[in-house]
Structures are given as structure tokens and as C-alpha cells.
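Here is how the chains run, residue by residue.
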Amino acid sequence: MNEHTALRLEGVRIALAGRPLVEVDAEIGPGEVLTLMGPSGVGKSTLLAFIAGFLDPAFEAGGRVSLAGRELTALPAESRGVGLLFQDPLLFPHLSVAGNLRFGMPRREADKRAHIDQALTEMGLAGFGERDPATLSGGQQARVALLRLLLSRPGAALLDEPFSRLDRALRQETRRLVFERLAEAGLPCLLVTHDHEDAEAAGGPVITLG
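Residues numbered from 1 in each chain as written. Predicted model: local features only at pLDDT ≥ 70, side-chain atom pairs only at ≥ 80, totals over all residues. Heavy atoms only, no water.

Caption draft 1: A look at the overall build of the protein. When helices and strands are tallied, the protein shows six helices and nine strands. Expected size for 210 residues packed as a compact globule is a radius of gyration near 17 Å; at 17 Å, the protein falls within 12% of this value. Principal-axis analysis of the C-alpha atoms places the extent of the protein at approximately 50 × 40 × 30 Å. Looking at the protein as a whole, 48% of its 210 residues qualify as buried. A separation threshold of at least 6 residues defines the contact pool for the protein, and within that pool the share at least 24 residues apart is 70%. For the protein, the computed accessible surface area is about 10,100 Å², with 50% contributed by carbon and sulfur atoms. (Helix = DSSP H or I, 4+ residues; strand = E, 2+ residues; numbered from the N terminus. Rg over C-alpha atoms; globule rule 2.2 N^0.38 Å. Buried < 20%, exposed > 50% of the residue type's maximum accessible area, 1.4 Å probe, protein only. Contact = heavy atoms within 4.5 Å. Areas by Shrake-Rupley, 256 points an atom, 1.4 Å probe, with all protein chains shown as cover.)

This is the structure we're talking about:
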């Protein structure tokens, strides 16, 4: 993996119809997870949308987002180099597992198939490349979604309640896997959640909203 540096949020403020929702100043270092805690409706996911570049124009937003010293605020979403994990894996149903992984990989990547096979093996999914995503368990789908993020070579990761739809035992296993892999990749990571166990497992600083 390439070396990554900090994700910085400077004076970020988001409002809706003049009502303030979120105000954040933060710096997230390589391999660090910053957790934003709070109930539904306080603007956690809205902040992720602003950072990733697809905030609904109904919201009013200001401040500066930068990654590795490059300001992202005015860039289109596809140019920001930010990976996302959501509540749902959002795997493309018309593509195989390998097709889903190949979709996000940089075009310059050589020998994509060998790289995909190696990544699946390391994730405990050897031989799953030609599988239909609909045939996978919830935990297997979560692993494929994580692999798709990592293989896209992002500079930072945004996690939007990614464990909330897993049962308790699977949630613990998936949390461990996700945070281990993101730390190994040296990615600054912003997690939004309402679950205190997510924040504890992330192991980094916590900001409480609302």
C-alpha cells in the first residue's frame, strides 16, 4: 500500500434550512479511526456525504476538507480518492464477486485477476471469484465490500454504520477484520455510528454529536 497522510476537516459546518447540524474540526492520522457518535438525525451521514463529495444541495456547507495536503472540497466525488463502507454492502448484482472487485481497481493495475485471487485468499474467500454475490452470507458480502474498498487504493476511508445490520457474533468478527485491515493499509478513517461497541472497537478518539 502507498503511504497515506492525514485527513483534515477544518471549520466544517453543515446546516439545513438555516439550522446548524454539524460543526467539526479534526485531523485523522494514517491508520487512525475517528468515531462520530450520535443518534439518527444529527448529521453524521451528512458529514460523510460532504467529505465524499455527494452532499445533497439542499444542505448548506462550509469549511475545508483536505487529504495528504490536497484540498478536496471543490473536487468531484470520483477525484477525491475516498473509499466508503455503508450499512449495506452495495455489491453489484449483475457482476460476479471478482467483477465487483475489479470494478473499483485503478486502470493502471497490472494482472488484476491474480491480485484479486490473492486478495480473496487472504480474506478467507479463496475460489469465490466467480460466485454470484446473492449466494454469499452477510459476513461474506461484508468482506467483499471491504476488499473492494481496499483494492480501489483510496487515500482515506469513511464508514457509515457498516456493522449495524450484522448479528452480534458476526458484528464482532467483522469489526475486528475491518479495523485491522484499514490499520494495515495506513488509511485515516472516519466512522459514524450510534453503537458504543463500534467506538470501543475502533480504539481512536470519539466526538459525540447531538
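Caption draft 2: Inspection of the environment of Gly 83 at higher detail. The topology assignment puts Gly 83 in strand S6 (residues 82-85). Judged by its relative accessible area of 6%, Gly 83 is buried. Once residues lying within four places of it in the same chain are set aside, the contact partners of Gly 83 are Leu 149, Pro 154, Ala 156, Ala 157 and Leu 158.

Caption draft 3: Broad picture of the packing of helix H4 (residues 138-151) against helix H5 (residues 168-184). Axis separation between H4 and H5 bottoms out at 11 Å; the angle between their running directions is 15°. In terms of orientation, H4 and H5 fall into the roughly parallel class. Relative to H5, the crossing made by H4 is right-handed. Where H4 approaches H5, its residues Gly 138, Gly 139, Ala 142, Arg 143, Leu 146, Leu 149 and Leu 150 are matched on the opposing element by Leu 170, Glu 173, Thr 174, Leu 177, Val 178, Arg 181 and Leu 182. Residue composition of the contact of H4 with H5, grouped by class: eight nonpolar, three polar and three charged. (Axes fitted to C-alpha atoms, helices over the stretch in contact; angles between N-to-C directions. Parallel < 35°, antiparallel > 145°, perpendicular 65-115°, else oblique. Left-handed = near helix turned anticlockwise from the far one by under 90°. Nonpolar A, V, L, I, M, F, W, Y, C, P; charged D, E, K, R; others polar.)

Caption draft 4: Looking closely at the pairing of strand S4 (residues 59-67). Here eight bridges tie strand S1 (residues 7-16) to S4, and the two strands are oriented antiparallel to one another. The partner of Arg 8 across the bridge, within S4, is Ser 66. Hairpin connection, S4 to strand S5 (residues 70-71): the antiparallel pair is bridged by two residues, and Ala 68 has positive phi, about 55°. (Pairing = 2+ DSSP bridges.)

Caption draft 5: Just the nonpolar core, in detail. Counting 33 residues, the largest nonpolar core has Leu 101, Leu 146, Leu 159, Val 178, Phe 179 and Leu 182 as the members making the most contacts within it. In terms of residues, this core owes the most to one element, H4, which gives seven residues. Each residue touching Leu 159, except ones within four places of it in the same chain, is listed here: Leu 48, Leu 85, Val 178, Phe 179, Leu 182, Cys 189, Leu 190, Leu 191 and Val 192. Grouped together as the second largest cluster of nonpolar side chains are 26 residues, Leu 34, Phe 50, Ala 52 and Leu 209 included. (Core = buried A, V, L, I, M, F, W, Y, C linked by side-chain atoms within 4.5 Å.)

Caption draft 6: Local environment of unusual backbone geometry. Positioned with a positive phi, Ala 17 is a non-glycine residue whose angle comes to about 50°. Its location among the elements puts Ala 17 in the loop between S1 and strand S2 (19-28). Judged by its relative accessible area of 72%, Ala 17 falls in the exposed class. Residues other than glycine seldom take positive phi values, yet Leu 90 does so here, at roughly 55°. The residue Leu 90 is located in the loop between S6 and helix H2 (97-103) in this model.

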